[in-house]
Amino acid sequence: MRIIKESKIELINYNSEEFQQACQLRYELFYAEHSLPWHIVQDESQAEYFHAAILIKNSVVAYGQLVPQNNSVYKISQMVVKPSYQGQNFGSRILLFLIEQAKKEGAIALTLNARTTAVGFYQKFGFQTHGTQFPSSTTGVPHITMNRNLSSSLL
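Residues numbered from 1 in each chain as written. Predicted model: local features only at pLDDT ≥ 70, side-chain atom pairs only at ≥ 80, totals over all residues. Heavy atoms only, no water.

Draft legend 1. Representation of the overall build of the protein chain. Looking only at helices and strands, the protein chain has 3 helices and 7 strands in total. Taken over C-alpha atoms, the radius of gyration comes to 15 Å for the protein chain, in line with the 15 Å a tight globule of 155 residues would show. The C-alpha extent of the protein chain, read off along each of the three principal axes, is 35 × 35 × 35 Å. When each of the 155 residues of the protein chain is scored for burial, the buried share is 44%. Here the analysis covers contacts within the protein chain between residues at least 6 apart in sequence; of these, 61% occur between residues at least 24 apart. The positive charge centre, built from 13 side chains, and the negative charge centre, built from 11, are 11 Å apart in the protein chain. (Helix = DSSP H or I, 4+ residues; strand = E, 2+ residues; numbered from the N terminus. Rg over C-alpha atoms; globule rule 2.2 N^0.38 Å. Buried < 20%, exposed > 50% of the residue type's maximum accessible area, 1.4 Å probe, protein only. Contact = heavy atoms within 4.5 Å. Lys, Arg positive; Asp, Glu negative; His and termini not counted. Charge placed at Lys NZ, Arg CZ, Asp CG, Glu CD.)

In structure tokens form, the structure reads like this:
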């Protein structure tokens with residue numbers, strides 16, 4: 001495992017070069033194997049979201065979205081880490097960054113739809129499963145809703 005010290009995490013702009021790189025990464029890891037169209041990763045409503053990325057030498061290696069919902073609840077979605085950088089805490093760094101961004105925006109709670117294989121990862125950060133698992137409406141991959149109250153003292 002190589003540790004990359006020159007990485008930085010930041011909010012990126014919708015439709016920026018970094019956002020396009022994030023779209024490519026999301027497409028490759030979530031949608032290409034299902035032969036879904038490219039436009040699935042680009043939706044104009046994303047212009048209203050917060051987009052966090054970890055960059056190494058101006059290349060996006062990890063990404064996540066923070067989406068305003070109703071009543072000061074925010075949704076975390078599209079968490080992705082380039083395969084060659086997995087296992088190096090990039091997913092944890094993106095998640096913690098998005099949690100802090102939600103707090104800055106006045107969020108009282110977070111929600112997300114996790115792949116069932118990622119439930120343990122999110123539980124480490126105080127998320128709890130809610131309801132029963134369901135297939136993703138776009139890919140059919142099993143997911144489950146997870147929630148976290150931000151007024152708790154966790155993290």
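Next comes the rest of the description.
Draft legend 2. Examining the pattern of salt bridges more closely. Evaluated as defined, the whole model comprises 2 salt bridges. Where Glu10 meets Lys8, a salt bridge forms, and the shortest distance between an N and an O atom there is 3.6 Å. Since its relative accessible area comes to 25%, Glu10 is described here as partly exposed. Classification of Lys8 as partly exposed rests on a relative accessible area of 42%. (Salt bridge = Lys/Arg side-chain N within 4 Å of Asp/Glu carboxyl O.)

Draft legend 3. Representation of the side chain of Thr145 in the model. Secondary-structure assignment places Thr145 in strand 7 (residues 142-149). Within the structure, Thr145 has its side chain in polar contact with the side chain of Asn113 (distance 3.0 Å). (Polar contact = N/O pair within 3.5 Å; in protein donor to acceptor, adjacent residues only side chain to side chain.)

Draft legend 4. Layout of the nonpolar core. Among the nonpolar cores identified, the biggest contains 29 residues, and Ile76, Leu110 and Phe127 are the most heavily contacted of them. Looking at which element gives the most residues to this core, the answer is helix 2 (residues 90-104), with 6 residues. Once residues lying within four places of it in the same chain are set aside, the contact partners of Leu110 are Leu66, Tyr74, Ile76, Ile99, Ala102, Phe127, Met146, Asn147, Arg148 and Leu150. In this structure, Ala22, Cys23, Leu36 and Ala53 belong to the second largest nonpolar core, which totals 15 residues. (Core = buried A, V, L, I, M, F, W, Y, C linked by side-chain atoms within 4.5 Å.)

Draft legend 5. Spotlight on helix 2. For helix 2, built from 15 residues, the straight-helix expectation of 21 Å at 1.5 Å per residue is met to within 8% by its first-to-last C-alpha distance of 21 Å. Turning to helix 2, its buried residues are Phe90, Gly91, Ser92, Ile94, Leu95, Leu98, Ile99, Gln101 and Ala102. Gly106 sits one or two residues past helix 2 and shows a positive phi near 90°. (Expected span 1.5 Å × (residues − 1).)

Draft legend 6. Expanded view of the sheet that holds strand 6 (residues 128-135). Ordered by their spatial adjacency, 7 strands build an open sheet running 1-2-3-4-5-7-6, and the pairing between neighbours is mixed. Because the sheet does not close on itself, it has two edges, and the strands there are strand 1 (7-12) and strand 6. Adjacent strand axes in the sheet meet at a mean angle of 20°, parallel and antiparallel pairs treated alike. Of the strand pairs in this sheet, strand 2 (residues 50-56) and strand 3 (residues 59-68) are connected by 7 bridges, and their pairing is antiparallel. Counted as the bridge partner of His51 is Gln65 from strand 3. Sitting on the sheet, helix 1 (residues 17-31) is in contact with strand 1, strand 2, strand 3, strand 4 (73-81) and strand 5 (109-115), with an inclination near 90° to strand 3. (Pairing = 2+ DSSP bridges. Axes fitted to C-alpha atoms, helices over the stretch in contact; angles between N-to-C directions.)

Draft legend 7. Representation of helix 1 within the structure. Taking 1.5 Å as the rise per residue, helix 1 with 15 residues should run 21 Å; its terminal C-alpha atoms sit 20 Å apart, in good agreement. Those residues of helix 1 that fall on the buried side of the exposure criterion are Phe19, Ala22, Cys23, Leu25, Arg26, Tyr27, Phe30 and Tyr31. Elements in contact with the buried residues of helix 1: strand 1, strand 2, strand 3, strand 4 and strand 5.

Draft legend 8. Structural view of the packing of aromatic side chains. One pass over the full model with this rule turns up 7 aromatic pairs. Taken together, the aromatic side chains of Phe121, Tyr122, Phe125 and Phe127 make up a single cluster linked through ring pairs. (Phe/Tyr/Trp six-rings, centres within 6.5 Å; stacked < 30°, edge-to-face > 60°.)

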